[in-house]
Amino acid sequence: MKPVLLLACLLLPLAGPAAELPHLRAQGSAKQLIVDGQPFLVRGGELGNSSAEPDYLRRFWPKLKAMNLNTVVAPIYWDVIEPAEEKFDFAMLDGLLADARAHDMRLVLLWFGSWKNSMSCYAPAWVKADQARFPRAQDSAGRGLEILSPFHPENRDTDARAFTALMRHLKSVDPQHTVIMVQVENEIGMIPEARDRSPEAERAWAAPVPTALMDYLAKHRASLAPELAATWNAAGGKTAGSWAEVFGSTPASEEVFMAWYFAAYVQTITAAGKAELALPMFANAALIRPGYQPGQYPSAGPLPHLIDVWRAAAPALDFIAPDIYFQNFSHWAQAYTRSGNPLFIPEALRSPEAAVNALYAFGQLDAIGFCPFAIESNTEPAAGYLAASFDLVRQLTPLLAEKQGRGVTAGFLQESLESKQPQQVRMGKWIMRASFERAAPPQLADGLAVVIGAENSALAAGGRAGTAPAGGLMIQLGADEFLFAGIGLTITFASTEPGSQAGILSCAEGRYENGEWKHLRWLNGDQTHQGRHVRLEPGRFALQRVKLYRYR
Ligand code: DGJ
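Quick notes on the rules
Residues numbered from 1 in each chain as written. Predicted model: local features only at pLDDT ≥ 70, side-chain atom pairs only at ≥ 80, totals over all residues. Heavy atoms only, no water. Helix = DSSP H or I, 4+ residues; strand = E, 2+ residues; numbered from the N terminus. Rg over C-alpha atoms; globule rule 2.2 N^0.38 Å. Contact = heavy atoms within 4.5 Å. Areas by Shrake-Rupley, 256 points an atom, 1.4 Å probe, with all protein chains shown as cover. Lys, Arg positive; Asp, Glu negative; His and termini not counted. Charge placed at Lys NZ, Arg CZ, Asp CG, Glu CD. Core = buried A, V, L, I, M, F, W, Y, C linked by side-chain atoms within 4.5 Å. Buried < 20%, exposed > 50% of the residue type's maximum accessible area, 1.4 Å probe, protein only. Domains from an automatic or database assignment. Near = heavy atom within 4 Å. Polar contact = N/O pair within 3.5 Å; in protein donor to acceptor, adjacent residues only side chain to side chain. Nonpolar A, V, L, I, M, F, W, Y, C, P; charged D, E, K, R; others polar. Pairing = 2+ DSSP bridges. Axes fitted to C-alpha atoms, helices over the stretch in contact; angles between N-to-C directions. Salt bridge = Lys/Arg side-chain N within 4 Å of Asp/Glu carboxyl O. 1 Å grid on protein atoms, 1.4 Å probe; cavity = no way out; pocket = protein on both sides within 12 Å on 5 of 7 lines; lining within 4 Å. Points joined across faces, edges and corners; volume = space filled by probe spheres on them. Expected span 1.5 Å × (residues − 1). Parallel < 35°, antiparallel > 145°, perpendicular 65-115°, else oblique. Left-handed = near helix turned anticlockwise from the far one by under 90°.

Colleague: How do you make sense of the overall build of the protein chain when you look at a structure like this?
Modeller: The number of helices and strands found in the protein chain is 17 helices and 23 strands. Rg of the C-alpha trace for the protein chain: 25 Å, near the compact-globule value of 24 Å for 552 residues, within the 12% margin. When contacts within the protein chain are restricted to residue pairs at least 6 apart in sequence, those whose partners lie at least 24 apart make up 75%. Summed over its atoms, the accessible surface of the protein chain is roughly 22,200 Å², and 54% of this surface lies on carbon and sulfur atoms. Here the protein chain carries 50 positive and 55 negative side-chain charges, and the mean point of each set is 6 Å from the other.

This is how it looks when you write it as structure tokens:
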């Protein structure tokens, strides 16, 4: 054997083969995140903006574990990793990696580069202080904003150089892929006006719409987001011309223009990072408050009505993602499944509802992950509910991995307290109607009042009856067999076969261990109201496996 070959053979077992790169893989209508060769559901939490430095974060890891997280979503700050130009310091990342591994957690990194919530507050001091070299966006009065202009290659390329260094370093120190995905920038958006008015931006506004966008729109005309199609059609649906000619001179057209340039900037950065280490990468958006116009909200970010523009300009991104802080969770979550976009929620409101929103997202929308924000600050009762909900997700991961994307899972969520009608789901030859129960349950038929919270750590720790979340998910196990996971749900059944009624053949509570059902108890008497319904009691997350039958 040649000496070089011999040396390689001796070293290989020490280094070990590099783990398979995390990636997205299609299953039916879903896209799943594959980590170590297996579908991986992110039971995540995003850290508060200033909580990711290892010495500060260290005290919180046990708390993050106790909430049953498997992933921490952590910012990496440009100004910290590149304090002086081209002098990189990755101590923060290295510390995060070591601590995540010590706690058997994965990481999703957030690149706080050129933009964080529209602003350029994480740009290094040597960038901020050199406005001539790193031009800012301007308002219509010609005043500079603390927003790096996306129209300047120097801004873009300097950010891309730092991101490249980050990904190169990550590749060298993380062969086991503790980091499973990377978010590029954070909540990009133009504010307080819909478009940048710097001289360079004005020149771009007057120039022809790039052919790449026109070609994309023409090719995808039939499937464009309706809002974008409406903006384009209202201006005459032209296939060439300046931005004002093609899309009109409205806030909506200015938003399309900015989205193209923001996304093109992100494309350069993402592609440069992926050339080092091709992890799945995404961009996230702050959502729109009802009635707000472009310019009033951070406009032109990766919002669902702009998905085509972002796809056309930033094909290196694997998906776009919502930060959902609003009450109408299902509306926004659904909007981010448009045209095959996989749903990953990097930020969500840290409330008791998060626990059921997560189940809904995984069950109804084939989500690959759900992450409440400022997770290290989570308190009871929300923390206890999340821990219980994520425990169910952990138990169900092998099953969900097998079933997502195949039309055999669903979610239950009460969109608002005003939604009084039961939620109806049809699956196979059965119809399920779920109603939601947050209040103290009535006296049961066996004469005992249920004391809500007696078995529930979250409520025992301070939650009030009536404020518990209600919702869950359902998985079809066989033609007549279903699994229900959740809290505060009463489900009745009907058969789709004419002339037949639905009955409960059996109902059991249990849990999954390593993908195997472990029976705990039968629930065929009072607990199913003598066969009339299945009930996941308020205040306590549970799993029930139900067999149905037909009678006449
Ligand atoms: C959304 C941002 O992406 C986070 O970094 C943080 O600022 C939260 N908003 C605060 O609610």
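Colleague: I would appreciate a short explanation of the nonpolar core in the present structure.
Modeller: Note that soluble globular proteins tend to have their nonpolar side chains buried in a common cluster. Counting residues in each nonpolar core, the largest one holds 150 residues, and the members touching the most others are L64, W111, W243, F247, W310 and L396. Sorting elements by how many residues they give to this core places helix α12 (residues 251-276) first, with eleven residues. Looking at which domains feed residues into this core, each of domain 1 (3-133 + 155-193 + 260-399) and domain 2 (413-551) supplies at least three. With near-sequence residues (within four places) excluded, W310 lies in contact with I188, A259, F262, A263, V266, A283, A300, G301, P302, P315 and L317.

Colleague: Help me out: how do you make sense of the site of the ligand in this one?
Modeller: The environment of the ligand is formed by N49, K116, N117, N186, E187, D323, Y325, E347 and F373. One of the side-chain N or O atoms of N186 is found 2.8 Å from an oxygen atom in the ligand. Expressed as a share of its isolated accessible area of 300 Å², the protein-covered part of the ligand is 75%. The residue makeup of the shell around the ligand, split by class, is two nonpolar, three polar and four charged.

Colleague: I tried to follow the sheet that holds strand β5 (residues 71-77) on my own but got confused; where do I start?
Modeller: The pairing of strands in a sheet comes from backbone hydrogen bonds and takes either a parallel or an antiparallel form. Spatially, eight strands are ordered β4-β5-β6-β9-β10-β11-β12-β13 in a closed barrel, and the strand pairing comes out parallel. In this sheet, neighbouring strand axes are inclined to one another by 30 degrees on average, regardless of whether the strands run parallel or antiparallel. Bridge count between strand β12 (residues 344-348) and strand β13 (residues 369-372): three bridges; the pairing is parallel. Residue pairing across strands places I345 opposite F370, the latter belonging to β13. Its contacts with the sheet place helix α5 (residues 91-102) against β5, β6 (106-116) and β9 (179-186), and it is angled at close to 170 degrees to β5. In this fold α12 packs onto β6, β9 and β10 (281-286), with an angle of close to 150 degrees to the strand it touches most, β9.

Colleague: Explain the pattern of salt bridges to me, please; I cannot follow it from the model alone.
Modeller: Opposite charge on two side chains lets them pair, provided their charged atoms get close. Here the structure, examined in full by the defined rule, presents 31 salt bridges. The salt bridge involving D157 is made with R156; its shortest N-O contact spans 2.9 Å. Through salt bridges that share partners, E82, E85, E86, R133, E154 and R161 make up one connected network.

Colleague: I would appreciate a short explanation of the environment of M119 in the present structure.
Modeller: Structurally, M119 is set in the loop between β6 and α6 (125-128). We classify M119 as partly exposed; its relative accessible area is 31%. Spatially, the C-alpha atoms of M119 and L145 are 8.3 Å apart, while their sequence positions differ by 26 residues. Residues in contact with M119, not counting those within four places in the same chain, are S114, E146 and I147.

Colleague: Whenever I open this one, empty space enclosed by the protein confuses me. Can you help?
Modeller: Once rolled over the atoms, a probe with the size of a water molecule shows which space is left empty. Here the structure, examined in full by the defined rule, presents one cavity of 30 Å³ or more. If you add up the space inside the largest cavity, you get close to 50 Å³. Around the largest cavity sit S120, A123, V127, K128, R136, E146, I147 and L148, which together line it. Looking at the lining of the largest cavity, the elements that each hand over two or more residues are α6 and β8 (144-148). Here the lining of the largest cavity takes three residues from β8, the largest share from any one element. Here the lining of the largest cavity is built from residues that sort into four nonpolar, one polar and three charged.

Colleague: How do you make sense of α5 when you look at a structure like this?
Modeller: An ideal rise of 1.5 Å per residue puts 16 Å on twelve residues; α5 measures up with 16 Å between its terminal C-alpha atoms. Taken residue by residue, α5 has M92, L93, G95, L96, L97, D99 and A100 as its buried positions. Just downstream of α5, D104 is the residue with a positive phi angle, here 55 degrees.

Colleague: When you look at the pairing of strand β18 (residues 481-487) in this model, what are you seeing that I'm missing?
Modeller: Remark: a regular strand shows side chains that alternate across the two faces of the sheet. The element β18 is largely enclosed, with a buried count of seven among its seven residues. Residue alternation in β18 divides its side chains into two sets, E481, L483, A485 and I487 and F482, F484 and G486, and both sets are buried. Between strand β17 (residues 471-478) and β18, which pair antiparallel and follow one another directly, the connecting turn spans two residues. Summarising the sheet, β18 and strand β23 (residues 542-551) pair through six bridges and their orientation is antiparallel.

Colleague: Can you help me understand the sheet that holds strand β3 (residues 38-39) in this one?
Modeller: On the basis of which strands lie adjacent, the open sheet formed by three strands has the order β1-β2-β3 and antiparallel pairing. If you trace the sheet from one side to the other, it starts and ends with β1 (23-27) and β3, each paired once. Across five bridges, the pairing between β1 and strand β2 (residues 30-35) is antiparallel. Bridging from a neighbouring strand, Q27 pairs with A30 of β2.

Colleague: Looking at this structure, I do not really get the packing of helix α7 (residues 153-173) against α12. What am I missing?
Modeller: When two helices pack together, their arrangement is given by the angle between the helix axes and by the axis-to-axis distance. Between α7 and α12, the shortest axis-to-axis distance is 8 Å and the interhelical angle comes to 25 degrees. It follows that α7 is roughly parallel to α12 by the angle criterion. When the axes of α7 and α12 are compared, the crossing they make is right-handed. In this structure, α7 uses N155, R156, D157, D159, A160, F163, T164, M167, R168 and K171 to contact α12, whose residues at the interface are Y265, T268, I269, T270, A272, G273 and E276. Among the residues forming the contact of α7 with α12, the class breakdown is six nonpolar, five polar and six charged.

Colleague: Sorry if this is basic, but what is going on with the environment of G369 here?
Modeller: As for its position among the elements, G369 is in strand β13. Accessibility expressed as a relative area gives 0% for G369, which makes it buried. Placed 23 residues apart in sequence, G369 and P346 show a C-alpha to C-alpha distance of 7.5 Å.

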